[in-house]
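# Coordinates in review
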Amino acid sequence: MTNNNQVMLDEVKVENDNKVRSEQLEKLLGNSKVPIVVPAQLPLPRTEPRRKSETSLLGSFNRTFRLSIGAGSKDAPNGHVFSRYKQSRFNARRIRKRVVFKHGDCNVVQANVAKRRRKYLQDIFTTLVDAQWRWTLLVFAFNFLGSWLVFAVVWWLIAYTHGDLLEEHLNGTEAWTPCITNIYGFTSCFLFSVETQHTIGYGGRTTTEECPEAIFVMCLQSIGGVMIQAFMVGVVFAKLSRPKKRTQTLLFSRNAVISHRDGVPCLMLRVGDMRKSHIIEAHVRAQLIKHKVTKEGESLPFFQTELKVGGDGEEDKIFFIWPTMIVHKIDKNSPLYNMSATDLLRERFEIVVILEGVIESTGMTTQARSSYLPSEILWGHRFQSLITFKKESGEYEVDYALFNNTVEVDTPLCSAKQLDEYRNMSSNECVDHMRTGLFPSVRTHSSDTLCSMDSLSIDDHIVMKVPTSPIPVTVTAPEETKETTPLRNGSIPKATLPVPV
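None of the values given here were measured: they were computed from a predicted structure. (Residues numbered from 1 in each chain as written. Predicted model: local features only at pLDDT ≥ 70, side-chain atom pairs only at ≥ 80, totals over all residues. Heavy atoms only, no water.)

## With respect to the overall build of the chain
Helix and strand content of the chain: 13 helices and 15 strands. Relative to its full complement of 501 residues, the chain shows a buried share of 28%. For the chain, long-range pairs separated by at least 24 residues make up 63% of all intrachain contacts whose partners lie at least 6 apart in sequence. As displayed, the chain offers around 35,100 Å² of accessible surface, 57% of which is attributable to carbon and sulfur atoms. (Helix = DSSP H or I, 4+ residues; strand = E, 2+ residues; numbered from the N terminus. Buried < 20%, exposed > 50% of the residue type's maximum accessible area, 1.4 Å probe, protein only. Contact = heavy atoms within 4.5 Å. Areas by Shrake-Rupley, 256 points an atom, 1.4 Å probe, with all protein chains shown as cover.)

## Topic: the side chain of Arg246
With respect to the helices and strands, the residue Arg246 is situated in helix 11 (residues 243-246). Of the residues examined, Arg246 reaches a relative accessible area of 8% and is grouped as buried. A polar contact of 2.7 Å, which involves the side chain of Arg246, links it to the side chain of Thr249. Reaching out from Arg246, the side chain makes a polar contact with the backbone oxygen of Ser277 at a distance of 2.9 Å. (Polar contact = N/O pair within 3.5 Å; in protein donor to acceptor, adjacent residues only side chain to side chain.)

## Some points on helix 9 (residues 186-197)
Between its first and last C-alpha atoms helix 9 spans 16 Å; for twelve residues at 1.5 Å apiece the expected length is 16 Å, and the two agree. Of all the positions in helix 9, only Ser188, Cys189, Phe192, Ser193, Val194, Glu195, Thr196 and Gln197 are classed as buried. Buried positions along helix 9 lie against helix 7 (133-162) and helix 10 (212-240). The positive-phi residue at the C-terminal boundary of helix 9 is Thr199, with phi of around 50°. (Expected span 1.5 Å × (residues − 1).)

## A short note on the environment of Asn404
With respect to the helices and strands, Asn404 occurs in the loop between strand 12 (395-398) and strand 13 (406-408). With 152 residues separating them along the chain, Asn404 and Phe252 place their C-alpha atoms 8.8 Å apart. Residues within four places of Asn404 in sequence aside, it is in contact with Phe252, Ser253, Arg254 and Arg270. Only 2.8 Å separates the side chain of Asn404 from the backbone nitrogen of Arg254, close enough to count as a polar contact.

## Quick notes on the packing of helix 7 against helix 9
Where helix 7 meets helix 9, the axes come as close as 8 Å, and the angle between the chain directions of the two elements is 125°. In terms of their interaxial angle, helix 7 and helix 9 are classed as oblique. The element helix 7 and its partner helix 9 pack so that their crossing is right-handed. Residue-level contacts link Phe144, Leu145, Ser147, Trp148, Leu149, Phe151, Ala152, Val153, Trp155 and Trp156 of helix 7 to Phe186, Cys189, Phe190, Phe192, Ser193, Val194 and Gln197 of helix 9. The residue inventory of the contact of helix 7 with helix 9, partitioned by class, reads 14 nonpolar, three polar and no charged. (Axes fitted to C-alpha atoms, helices over the stretch in contact; angles between N-to-C directions. Parallel < 35°, antiparallel > 145°, perpendicular 65-115°, else oblique. Left-handed = near helix turned anticlockwise from the far one by under 90°. Nonpolar A, V, L, I, M, F, W, Y, C, P; charged D, E, K, R; others polar.)

## Overview of the pattern of salt bridges
The tally for this structure, following the rule as stated, stands at ten salt bridges. As a salt-bridge pair, Glu281 and Lys317 come within 3.9 Å of each other at their nearest N and O atoms. With a gap of 36 residues between them, Glu281 in strand 4 (residues 279-293) and Lys317 in the loop between strand 5 (299-307) and strand 6 (324-329) connect regions that are remote in the sequence. Relative accessible area serves as the criterion here: at 52%, Glu281 is assigned to the exposed category. (Salt bridge = Lys/Arg side-chain N within 4 Å of Asp/Glu carboxyl O.)

## With respect to the sheet that holds strand 5
Taken together, four strands build an open sheet; the order of strands is 5-4-7-8 and the sheet is antiparallel. Here the strands that pair on one side only, and so sit at the sheet edges, are strand 5 and strand 8 (365-372). Here the strands of the sheet are splayed against their neighbours by 25° on average, with no regard to which way each runs. As defined by bridge partners, strand 4 adjoins strand 5 across seven bridges and the pair is classed as antiparallel. Residue Leu288 lies in a different strand from strand 5, and its bridge partner there is Thr305. (Pairing = 2+ DSSP bridges.)

## A look at the side chain of Ser259
Mapping Ser259 onto the fold places it in strand 2 (residues 256-261). You can call Ser259 buried: its relative accessible area is 0%. Setting aside anything within four residues of it in sequence, one finds Ser259 in contact with Val264, Pro265, Cys266, Met268, His381, Arg382, Val409 and Thr411.

## As for unusual backbone geometry
Within the chain, Lys115 stands out as a residue other than glycine whose phi angle is a positive 55°. Residue position: Lys115 is located in the loop between helix 4 (92-96) and helix 5 (116-122). Lys115 gets classed as exposed once you look at its relative accessible area, which sits at 55%.

## Re a nonpolar patch on the surface
On the surface, a nonpolar cluster with roughly 390 Å² of combined accessible area is contributed by Leu145, Leu149, Val153, Leu157 and Phe186. Top element by residues in the nonpolar patch is helix 7. It accounts for four residues. Relative accessible area serves as the criterion here: at 42%, Leu157 is assigned to the partly exposed category. (Patch = residues over 30% accessible without salt bridge, like charges linked within 9 Å, V, L, I, M, F, W, Y side chains within 5 Å.)

## Section: the packing of helix 7 against helix 10
Helix 10 packs onto helix 7 with a crossing angle of 180° between their chain directions and a minimal axis gap of 11 Å. As the angle between them shows, helix 7 and helix 10 are arranged roughly antiparallel. Taken together, the residues that form the contact of helix 7 with helix 10 break down as 17 nonpolar, five polar and two charged.

## Examining the nonpolar core
If you look at the biggest cluster of nonpolar residues, it comprises 33 residues, and the most contacted ones within it are Phe252, Leu269, Phe320, Ile351, Leu355 and Ile377. If we skip the residues at most four places from it in the chain, Leu269 touches Phe252, Ser253, Ala256, Thr324, Met325, Ile326, Val353, Tyr372 and Phe383. If you look at the next biggest cluster of nonpolar residues, it comprises 13 residues, including Ala159, Leu165, Cys189 and Cys211. (Core = buried A, V, L, I, M, F, W, Y, C linked by side-chain atoms within 4.5 Å.)

Everything listed here is a matter of geometry and, on its own, says nothing about what the molecule does.
Printed below as a string of structure tokens:
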């Protein structure tokens with residue numbers, strides 16, 4: 001009985017809560033002018049929701065969705081947050097504003113090209129090599145199918161004009177020598193066309209000496225078939241062996257870093273090759289693409305500045321047998337000379353890196369490209385070493401799991417120009433300090449007298465000739481001084497020093 005009463009009380013409580021909730025919702029939806037005090041937390045049935053991680057992809061989506069519901073409004077110019085999230089997700093190509101993507105493709109589209117189709121058809125081989133595989137295979141199939149059909153029509157016309165398709169000739173009631181044996185219709189002509197073009201030679205259908213035109217067409221189809229087959233096989237082979245595919249195994253580091261090497265600030269990135277076959281005569285280039293305004297006021301939105309890069313920062317050729325550091329020294333000739341860590345966050349530029357070389361296995365020239373935005377340059381970082389020596393096998397092992405790993409190092413946040421100025425000031429102060437400590441007597445602005453002069457002894461006379469030009473002269477004497485002799489231009493001062501007996 002106690003359990004039943006408890007159940008009934010729970011049901012009544014739930015019904016009352018539902019009524020209160022429904023009344024509050026009716027007031028909220030029905031009369032929006034009257035202020036209503038809504039409790040901070042409505043009594044809802046307790047359920048155990050599925051726990052979701054806020055760091056997961058689904059958790060971030062839910063968090064973004066909640067923000068869009070809370071902050072979205074119809075009056076907003078760009079809609080709610082969820083719409084902006086979708087726009088940034090699906091229109092990343094437009095928002096990124098890269099000239100060269102990370103995988104090497106150029107973000108350039110040609111428009112308003114006059115007579116584009118005609119020019120593309122004039123260079124049909126390059127067009128088919130550059131086209132996607134589905135279009136290349138479609139053209140491949142239609143070339144063969146079209147040639148079979150065209151020559152099948154030609155064979156049918158030859159047989160029809162010669163009378164080989166007449167009923168009495170097909171039945172064999174009259175003695176008749178056809179141009180092509182065993183031809184009974186268009187299907188037979190199509191099969192004979194395929195056999196002739198590809199030299200299959202089943203032996204069922206053959207040409208005879210009755211029709212010279214049939215012999216000529218057979219020779220023409222054989223030549224045309226070989227040419228079509230060679231052309232299409234060349235296109236397919238060129239697509240398979242393109243040097244562009246070799247770049248898929250050439251790696252660029254995800255980020256570039258700026259740190260000091262031998263006291264010089266350097267921009268560094270890492271390149272690697274996953275294959276055992278090497279890139280011969282590998283050399284690297286880098287260009288800085290940035291907006292520039294000339295002295296005449298001309299605006300150059302994509303001005304390219306060549307960066308001096310190389311394995312050591314000087315020579316652009318590298319011995320590319322393992323992952324190599326590409327270094328750009330930030331000196332007075334570098335466009336990054338005036339850029340500090342704070343300026344790097346505000347600047348808008350792109351560094352395009354180009355790696356070129358000859359493929360060892362095929363002898364073709366390949367080019368790999370990548371780019372780095374200011375947000376992808378890590379100030380005060382250095383790449384982690386990934387090459388180790390294995391004593392068991394006596395080989396050097398490259399761990400590509402560490403290819404993009406960096407470590408933080410102590411690096412000044414000022415620009416290279418400010419650092420050089422500070423070093424010059426420090427060196428000048430050190431020199432002045434050394435001069436002041438070693439030579440306390442210096443010449444004043446007047447070229448005639450000395451601001452201070454150590455006293456000289458008057459025991460023996462030593463004659464010193466002073467040139468007429470104002471050259472600083474410093475004379476030191478023993479600790480025991482007796483007399484100070486002034487120096488004047490044109491005079492010959494005499495100083496007496498003690499001479500040991």
